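The primary structure of each chain is shown beneath.
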Amino acid sequence: MRVVVVGAGIVGSSVAYEVAKAGAQVTVLEAGKIAGGASGASFAWTNATGKRPHAYFALNVAGMRAHLDLSREFGNAPWFKQTGSLEWYSRPEDWAAQRENADQMMEWGYGVEWISKSRLKELEPEIDLSAVNDSPVVYYPEEGWVDPVLYSAWLLRAAREKWNLAVHTFEGVTSVDVVNGKAKAVRTADGTVYAADAIINCTGSWADRLLDGVPAIPMASNVGVLGFTLPVAATLQRQFHMDDLDVRPDGAGRLMIHKISVDSLVCELTALDPKGNEAALLLDAVRKVIPSVQVQDMESIRTTMRPIPGDNLTCSGWVPGISGYYVAVTHSGVTIAPYLGKAVADEVVRGHVHESLQDFRPDRFLAAKNGMGERS
Ligand SMILES: Cc1cc2nc3c(=O)[nH]c(=O)nc-3n(C[C@H](O)[C@H](O)[C@H](O)COP(=O)(O)OP(=O)(O)OC[C@H]3O[C@@H](n4cnc5c(N)ncnc54)[C@H](O)[C@@H]3O)c2cc1C
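Notes on the structure in this doc start here.

Conventions adopted
- Residues numbered from 1 in each chain as written.
- Predicted model: local features only at pLDDT ≥ 70, side-chain atom pairs only at ≥ 80, totals over all residues.
- Heavy atoms only, no water.
- Pairing = 2+ DSSP bridges.
- Helix = DSSP H or I, 4+ residues; strand = E, 2+ residues; numbered from the N terminus.
- Axes fitted to C-alpha atoms, helices over the stretch in contact; angles between N-to-C directions.
- Core = buried A, V, L, I, M, F, W, Y, C linked by side-chain atoms within 4.5 Å.
- Buried < 20%, exposed > 50% of the residue type's maximum accessible area, 1.4 Å probe, protein only.
- Contact = heavy atoms within 4.5 Å.
- Near = heavy atom within 4 Å.
- Polar contact = N/O pair within 3.5 Å; in protein donor to acceptor, adjacent residues only side chain to side chain.
- Areas by Shrake-Rupley, 256 points an atom, 1.4 Å probe, with all protein chains shown as cover.
- 1 Å grid on protein atoms, 1.4 Å probe; cavity = no way out; pocket = protein on both sides within 12 Å on 5 of 7 lines; lining within 4 Å.
- Points joined across faces, edges and corners; volume = space filled by probe spheres on them.
- Nonpolar A, V, L, I, M, F, W, Y, C, P; charged D, E, K, R; others polar.

## Concerning the sheet that holds strand 20 (residues 325-329)
Spatial strand order, 9-2-1-13-20-19: 6 strands in an open sheet with mixed pairing. Bordering the open sheet on either side are strand 9 (166-168) and strand 19 (315-318), each of which pairs with just one other strand. With strand direction ignored, the average angle separating the axes of adjacent strands in the sheet is 15°. Bridge count between strand 1 (residues 2-6) and strand 13 (residues 198-201): 4 bridges; the pairing is parallel. Residue pairing in the sheet places V5 in a bridge with I200 of strand 13.

Here you go:
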């Protein structure tokens, strides 16, 4: 079976790896560089906390477990850090919602521990306890984070070496040839044609751009902003999430900083100044919790589109009316990708329908014209 995967972010790389492992002959076509889209500038926290409805929570938990399996499969996974994460809210009015969420997560079998401030100090001595004050602190031991660029590079390398997968970067797909309701091939900008028995669209936030011949997926993507500090002499090992602030280590002593309120200041993708207003807001927030970070410590600030299907949930399945054309697009893609890769390979190559994806089919966005899309 010949399969073309369009897009080599963390989702496309996972899908390509698993589809090749399942025995297909895989070609990956990527318009830019590997993991150069959202995957290259993602907070990349592997988690399911607060994710609803239950089917979407379960998909995220399956992703977290699949990260562990994949680490074992590789023996050594330099991209994966399962360190757990910490959460607190400084305003007492937020404490009831935090407890309600934690209770729900526990009921659903998720790892949740309430820890004391002295335990927090033991775990992360550089967090200034005055920023925590009397707030209840939750520790989520199963959570972690991923380096998505490394992840993608390792999976594609392994699939090339083991199963002869081919990757073409800087080769964007412009159209899909559909003959009698069956997707037969993709065409790239320079006119090259790649024939395929199945085509899997993993273009993230670009899924709403029309490829000639096939329908687009309605997306509600938005801009995400991440700040990266210079290496700082802080020993933070776990990410923490408090109020409107998310912080985690990012290798070699750098910290990655995110604030939702800063995302909402930036309406379009644009190069931001590491000495500009957005950077100052990120640094001010982190310095209240980790005082060893200095005001001039921002090294870079990146913006990227966060791929979000129109109703905020994963979109994965055959496209109605076009046999052989499959879409796999999701937010929380870093968490979900290794599971999604396996499930998509099962559906596309082995023909097994995955119950776990039944609530997330593209037909909720796209009306069928010629009956449902299906495996060729
Ligand atoms: C700021 C931010 C924070 C985030 N935090 C988290 C988090 O904490 N946890 C989490 O799980 N998720 C998080 N996400 C979401 C997560 O990063 C994404 O869901 C995930 O990276 C999506 O991966 P992808 O492979 O689908 O998309 P992308 O990485 O965007 O890859 C899509 C690829 O398709 C290529 N492409 C597009 N059009 C074409 C074409 N026509 N032909 C060929 N190639 C094409 C693009 O060049 C791109 O490389 C965050 C995202 C952002 C932006």
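What follows picks up the thread again.
## Some remarks on the nonpolar core
Nonpolar side chains in soluble globular proteins tend to be buried together. Judged by nonpolar contacts, the single largest core of 47 residues is most densely connected at V3, V5, V19, V26, I200 and V348. Put simply, the parts of the chain that give this core at least two residues each are strand 1, helix 1 (10-21), strand 2 (25-29), helix 2 (54-74), helix 5 (148-163), strand 13, strand 20 and helix 8 (333-350). It is helix 8 that provides the largest number of residues to this core, a total of 10 residues. Counting 34 residues, the second largest nonpolar core, distinct from the first, contains L120, V266, A279 and V293.

## Here we look at the pairing of strand 15 (residues 239-242)
By the alternation rule, side chains of strand 15 split into Q239 and H241 and F240 and M242, which are all buried. The pairing of strand 5 (residues 85-88) with strand 15 spans 4 bridges and is parallel. Bridged to W88 within strand 15 is M242. Sheet topology places strand 15 next to strand 16 (residues 245-249); 3 bridges connect them, and they run antiparallel. What sits directly across from F240, in strand 16, is V247. As consecutive antiparallel partners, strand 15 and strand 16 are separated by 2 residues, and within that stretch D243 has a phi angle of approximately 40°, a positive value.

## Quick look at the environment of A41
For A41, the position within the fold is in the loop between strand 2 and strand 3 (45-46). In sequence terms A41 and E126 are 85 residues apart; their C-alpha atoms lie 26 Å from each other. Apart from the residues within four sequence positions on either side, A41 is in contact with L226, R302 and T304.

## Quick notes on the site of the ligand
Contacts to the ligand come from 37 residues, most closely from E30, S39, S42, G333 and T335. One of the side-chain N or O atoms of E30 is found 2.5 Å from an oxygen atom in the ligand. In the model, an oxygen atom of the ligand is placed 2.8 Å from a nitrogen or oxygen of the G333 main chain. Within the complex, 94% of the 1000 Å² of free accessible area of the ligand lies under protein. For the shell around the ligand, the secondary structure elements donating two or more residues are helix 1, strand 14 (222-229), strand 18 (298-306) and helix 8.

## Some words on unusual backbone geometry
In this chain, R52 is followed by P53 through a cis amide linkage whose omega measures 5°. Along the polypeptide, P53 turns up in the loop between strand 3 and helix 2. You will see that A35, though not glycine, has its phi angle at about 55°, which is positive. Judged by relative accessible area, which is 4%, A35 ranks as buried. At N164, a position not held by glycine, the phi torsion is positive, near 65°.

## Concerning empty space enclosed by the protein
Inspection of the entire model under this criterion finds 1 cavity of 30 Å³ or more. Empty space within the largest cavity amounts to approximately 40 Å³. In this structure, the largest cavity is lined by N201, A207, R209, L210, L211, V214, P215, A216 and Y325. In terms of residue class, the lining of the largest cavity is made up of 7 nonpolar, 1 polar and 1 charged.

## Structural notes on the environment of G251
Secondary-structure assignment places G251 in the loop between strand 16 and strand 17 (255-258). G251 gets classed as partly exposed once you look at its relative accessible area, which sits at 42%. Separated by 13 residues in the primary sequence, G251 and R238 place their C-alpha atoms 12 Å from one another.

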